[in-house]
Amino acid sequence: MTDPPHTPRPVPLVVMAGRDRHDHSLPEAGRDKRPLEGLKGLDVQVGGRPIVVELVERMARSGHFSPVLVAGPAAAYRAASPELRVIDTDGELGENLRAALEGAEEATGAEVLAFTTCDILPEAGDLERLVADFLRRSPCPFWMPLIRVPDDPALLGASAWKPQYRFRPDAGEAPVATLPGHLIIVRPATLRLPLIYKLFELAYRTRNRSVTYRLVVMTARVLSSLLWRDLRFVATLRPPTATLEVVGNGVRIARALRAGDAASAEVAGLVGNIFVRHRARQRPGARPGALPVLEGLSFAKDADTEEEAREIEERGRRISADESAAAAPDPGA
């Protein structure tokens, strides 16, 4: 008798659903758009319900994620939908990330956690494609997909203004345009978490600015804390590595993004040099982090503008209509 096939255990998922507290100005390509403010998880509606409720149900229904938690102001989200499992947080992105991760670890005890944003409407085929790639690469310290931009620019719709980055999916392949995928899966114990909270906060604030601007801002804001950390290492006779690793690899990442021809695996290695603890990288058999280039446009089209929100709402209506039609009994049966 053969053993039954292995079924991967569902990964706990946190939906980041806080407020955007910063400048909502858009780059030149998006100057004709109207930035979306407030609690997008509640304000964007799908089928008459807050998008966060629809998203939680979709991710849970896939069977790949459990439990599905929401990180945001608890009073607002519980008032809208009492069945949501909410991690109460209402600060800056870095604060929200810390609260989300610590709350999810306390609730689940899991070694692997997934994160997504509250303003996407993932389609089932895209989700299956992304999860299959993650399972193929697991275990790894981080998995952050890049979404291939379709050849037909009309498919981007209201998201056509978003900054794109060019990567080679594999060494030797031609570069392709990509957008960030709004699903990340990590092993927190392997990561430099305080640094990640700070860098993700700065990355989000500058997400629609040039690569050079983002590099300057992020380096300037974290440099003093890195130098102080390294001074403390010297005092305990440990080698100071953080400053050189973060700044050196950050400059290399910026160069790769500006050149637009780096292999995604090469950039994943540079990201790992910043985010992954040195000891975790040195363990025998340690796998690198992954930045795979994948098809999955619904994971790239978040709602930064009112136009994108309306497009998501319309797509939600079409999906609901298609699902209702598929579930209806065949009158000829």
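Worth saying up front: this structure is predicted, and the values here are computed from it rather than measured.

1. Points about the sheet that holds strand 1 (residues 11–16)
Within the open sheet, the six strands sit side by side as 5-4-1-6-11-7. Their pairing is mixed. This sheet does not close on itself; its edge strands, each paired only once, are strand 5 (86–88) and strand 7 (142–143). Where strand 1 and strand 6 (residues 113–117) come together, four bridges link them in parallel fashion. Within strand 6, the residue paired with Met-16 across the bridge is Thr-117. Across the sheet, helix 4 (residues 93–108) touches strand 1, strand 4 (65–72), strand 5 and strand 6, and the angle it forms with strand 1 is around 150°.

2. With respect to the nonpolar core
One finds Val-52, Met-59, Phe-65, Tyr-77 and Trp-143 to be the most contacted residues of the largest nonpolar core, which totals 40 residues. If you list the elements that add at least two residues to this core, you get strand 1, helix 2 (51–61), strand 4, helix 3 (74–80), helix 5 (124–137), strand 10 (176–180) and strand 11 (183–186). Among the elements that take part in this core, helix 2 stands out by supplying five residues, more than any other. In this view, Tyr-77 contacts Ala-17, Leu-39, Gly-41, Leu-42, Val-52, Val-70, Gly-72, Leu-84 and Val-86; residues no more than four positions away in its chain are not counted. In terms of nonpolar packing, the next biggest core, distinct from the first, is built from 39 residues, Met-144, Phe-167, Leu-193 and Tyr-197 among them.

3. Description of the sheet that holds strand 10
Taking strand neighbours across the sheet as the criterion, the four strands line up as 9-10-8-12 in an open arrangement whose pairing is mixed. Whereas interior strands pair on both sides, the edge strands pair on one side only; in this sheet they are strand 9 (165–167) and strand 12 (293–294). As judged from the three bridges shared by strand 8 (residues 146–148) and strand 10, these two strands associate in the antiparallel manner. For Arg-148, the partnering residue across the bridge sits in strand 10 and is Thr-178.

4. Digging into the pairing of strand 11
Pairing between strand 6 and strand 11: four bridges, direction antiparallel. Its bridge partner lying in strand 11, Ala-114 is registered against Ile-185. Two elements, strand 7 and strand 11, share two bridges in a ladder whose sense is antiparallel. Looking at the pairing, Phe-142 lines up with Val-186 of strand 11.

5. Structural notes on the layout of surface pockets
The computed volume of the second largest pocket comes to approximately 500 Å³. As for the second largest pocket, its lining consists of 21 residues, and the residues nearest its centre are Pro-8, Arg-9, Pro-10, Val-11 and Val-112. Of all the secondary structure elements, the ones that give two or more residues to the lining of the second largest pocket are strand 1, strand 4 and helix 5. Looking at which element gives the most residues to the lining of the second largest pocket, the answer is helix 5, with three residues. Along the lines of polarity and charge, the residues of the lining of the second largest pocket split into 12 nonpolar, six polar and three charged.

6. Quick word on the environment of Leu-155
By the element assignment, Leu-155 lies in the loop between strand 8 and strand 9. The sequence separation of Leu-155 and Leu-297 amounts to 142 residues, and the corresponding C-alpha distance is 8.8 Å. In this structure, Leu-155 is in contact with Pro-150, Leu-297 and Lys-301, ignoring residues within four places of it in sequence.

7. Considerations on the confidence of the model for the protein
Per-residue pLDDT for the protein averages 84, and the proportion of residues at 70 or more is 81%. Predicted confidence is poor over residues 1–6, with pLDDT under 50, and the contacts of this stretch with residues over four places away or in other chains come to zero contacts. Residue range residues 226–240 is modelled with pLDDT below 50. Its contacts to residues more than four positions away, or to other chains, number 14 contacts.

Reading the values: rules and limits
Residues numbered from 1 in each chain as written. Predicted model: local features only at pLDDT ≥ 70, side-chain atom pairs only at ≥ 80, totals over all residues. Heavy atoms only, no water. Pairing = 2+ DSSP bridges. Helix = DSSP H or I, 4+ residues; strand = E, 2+ residues; numbered from the N terminus. Contact = heavy atoms within 4.5 Å. Axes fitted to C-alpha atoms, helices over the stretch in contact; angles between N-to-C directions. Core = buried A, V, L, I, M, F, W, Y, C linked by side-chain atoms within 4.5 Å. Buried < 20%, exposed > 50% of the residue type's maximum accessible area, 1.4 Å probe, protein only. 1 Å grid on protein atoms, 1.4 Å probe; cavity = no way out; pocket = protein on both sides within 12 Å on 5 of 7 lines; lining within 4 Å. Points joined across faces, edges and corners; volume = space filled by probe spheres on them. Nonpolar A, V, L, I, M, F, W, Y, C, P; charged D, E, K, R; others polar. pLDDT = per-residue confidence, 0-100.

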